[in-house]
Amino acid sequence: MDVLIRAGRAVVDGRETAALVGVRDGRIALVETAPDLDALASGGGHLEADTVVELGPDEVLLPGLVDSHVHVNEPGRTEWEGFASATKAAAAGGVTTIIDMPLNSIPPTVTVAALEEKRAVARDQAFVDVGFWGGAVPGNVDDLAPLHSEGVFGFKCFLLHSGVDEFPHLEPDELELAMRETARLGALMIVHAEDGHAIDHAASPDGEEYTGFLHSRPRGAENLAIAQVIELARWTRARAHVLHLSSSDALPMIRSARADGVSLTVETCPHYLTFTAEEIPDGATQFKCCPPIRESENRELLWAGLADGSIDIVVTDHSPCTEDLKAFDSGDFGVAWGGIAGLQLGLAATWSGARRRGHSLVDVVRWMSEGPARQAGLATKGGIVVGHDADFAVFAPDDAFVVDVAKLHHKNPVSAYAGHALTGAVRQTWLHGIRLETDDDAQPQGRLLRRGEA
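Once a new chain begins, its residue numbering starts again from 1 and follows that chain's sequence as written. Given that the model is predicted, a residue must reach a pLDDT of at least 70 before its local features are reported, and side-chain atom pairs must reach 80 or more before they are shown or counted; all residues, however, enter totals for whole chains, interfaces and linings. The side-chain quantities take in all heavy atoms of the structure and omit both hydrogens and water.

A.B. asks: Even after reading the chapter, I still don't get the pairing of strand S11 (residues 188-192), so can you show me in this structure?
C.D. replies: For the exposure calls, accessible area comes from a 1.4 Å probe over protein chains only, and a residue counts as buried if that area is under 20% of its type's maximum, exposed if over 50%, partly exposed in between. Only DSSP runs of H or I covering at least 4 residues are called helices, and only runs of E covering at least 2 are called strands; the numbering of each starts at the N terminus. Among the five residues that make up S11, five are buried, leaving the element largely enclosed by the rest of the structure. What you see with S11 is no split at all: Leu188, Ile190 and His192 on one side and Met189 and Val191 on the other are buried throughout. For two strands to be treated as a pair, DSSP must find no fewer than two bridges joining them. In the sheet, strand S10 (residues 155-158) pairs with S11 via four bridges, with the strands oriented parallel. Of the residues in S11, the one forming a bridge with Lys156 is Ile190. With strands facing away from the observer, any crossover in which the path from the first strand over the helix to the second runs clockwise is taken as right-handed. Chirality of the crossover, the property in question, places the unit of S10, helix H4 (residues 172-185) and S11 among those that are right-handed. Pairing of S11 with strand S12 (residues 239-242) involves four bridges; the strand directions are parallel. Considered in S12, the bridge of Leu188 is made with Arg239.

In structure tokens:
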């Protein structure tokens, strides 16, 4: 073996167990499990390895996390975030694979040429593995098949203004046309599901009051858009995925659609599971995101949706920006950029809430590693399994800390988590059997992924 990891606690095959994990040529070559290390065959003494790693009794070996909802923004808006800073943050947070959204980069990833431009700038900067979503916008249906052939993991669309003019949204007839094409291709359509017409008739988001912003993005707009996605998936037989679910009202129709055989998956995000509308101060635009953080009762129903499987995965929707775009000088929610930077903190935030509700690390791995890998078709990611990529996070679940944005690798020191107490620290991250470093001298070790190759 190149590396042999001895862990008294590891999440393997849906349970927590002691494990010996051997790595050869960047892949997992051996997994032995037992109730404790002493019960394993010779404790690993029958094996030879160039490097032996002994985890401490307070550490748990997890498969590397997969975050399938990350806005890197490079090229074009690299001052917001870039591949080097984003992937360093991912590595520091135990995330070994990200899939980059087709916006807010310039150009957006809506043509093969734009995809190649993005790959060119990412290639020598990636500290973790990186894949790419394509975009579905008005007029680019003919671009979907070439993008699919070039290895994007699926296609993202909006049902209302995306926040950037260069990535326009789809009207209902355009969405149906695009979903018929993704159904033909066998591709996944991932949807920002808020109804623009409903939001046009809602309250104005302008001003410092968070309640005013919340009323400007009502649950009904989200519910209406999700219903539309469900019916189009039913008609077209396309695979659909609802992004960043914040409205728990939609859970019954999601369950009903699946019972009818509609191909539908759903994600939510750590910030919807962590924060509540009641605790957000007026003018605190670092909490602005779309759809918005909702009330405490809604949060608990999202947790219940994770528990019963109605919600499949938890990903960050890491959407950073420069400090000035958050409009801290005015605290005006109508002006501030909507997005939360959380890539480095997603595991700790989710675990902090999960443990308080009686969930285990096995659950967190299912939501943040196994599930996203399966949803994106990453067959060699998401588990400590022989033949999988040797991607790991060494996690100390009892370590508590207060978030200091100055210690994050995100390019800009803006985060809703600033000053928030979390539990669970990532002590090591391994990619393809190599322990990652994130200091100034660290060298990128990540690879660019194409659908079907990983």
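A.B. asks: How should I be thinking about the layout of surface pockets in this particular structure?
C.D. replies: Any empty space left between the atoms is revealed when a probe the size of a water molecule rolls over them. A cavity, in this analysis, means grid points on a 1 Å lattice covering only the protein atoms where a 1.4 Å probe fits yet has no way out; a pocket is instead an open set bounded by protein on both sides within 12 Å along at least five of seven lines, and a residue lines either one if it has an atom within 4 Å of a point. Grid points are joined across faces, edges and corners, and a volume is the space filled by probe spheres set on the points. In this structure, the largest pocket encloses a volume near 640 Å³. His161, Ser162, Gly163, Arg217 and Cys290 are, among the 36 residues lining the largest pocket, the residues nearest its centre. Counting residues per element, the lining of the largest pocket draws most heavily on helix H5 (residues 196-200), at four residues. Residues are sorted three ways: Asp, Glu, Lys and Arg are charged, Ala, Val, Leu, Ile, Met, Phe, Trp, Tyr, Cys and Pro are nonpolar, and all the rest, Gly among them, are polar. Residues belonging to the lining of the largest pocket are distributed by class as follows: 13 nonpolar, 17 polar and six charged. Its boundaries defined by the atoms lining it, the second largest pocket holds a volume of some 380 Å³. Forming the walls of the second largest pocket are 23 residues, and the residues nearest its centre are Ala92, Gly93, Gln344, Ala425 and Val426. Elements that contribute at least two residues to the lining of the second largest pocket include exactly helix H1 (83-92), helix H11 (346-356), strand S15 (392-402) and strand S16 (421-431). In terms of residue class, the lining of the second largest pocket is made up of 13 nonpolar, six polar and four charged.

A.B. asks: I'm lost on unusual backbone geometry in this one. Help?
C.D. replies: Glycine aside, residues mostly have negative phi angles, and peptide bonds mostly take the trans form. At the junction of Glu74 and Pro75, the peptide bond is cis and its omega measures out at 0 degrees in the coordinates. Mapped onto the elements, Pro75 comes out in the loop between strand S6 (65-70) and H1. Put simply, Cys290 and Pro291 share a cis peptide bond, and its omega is 0 degrees. Mapped onto the secondary structure, Pro291 falls in the loop between helix H9 (270-274) and helix H10 (296-307).

A.B. asks: What should I look at first to understand the nonpolar core in this one?
C.D. replies: The tendency in soluble globular proteins is for nonpolar side chains to be buried side by side. One finds Ile98, Leu245, Leu264 and Ile293 to be the most contacted residues of the largest nonpolar core, which totals 96 residues. We call a set of buried residues a nonpolar core when its members are Ala, Val, Leu, Ile, Met, Phe, Trp, Tyr or Cys and they connect through side-chain atoms within 4.5 Å of each other. Formed by 17 residues, the second largest nonpolar core is a distinct cluster that contains Ala7, Val12, Ala19 and Leu61.

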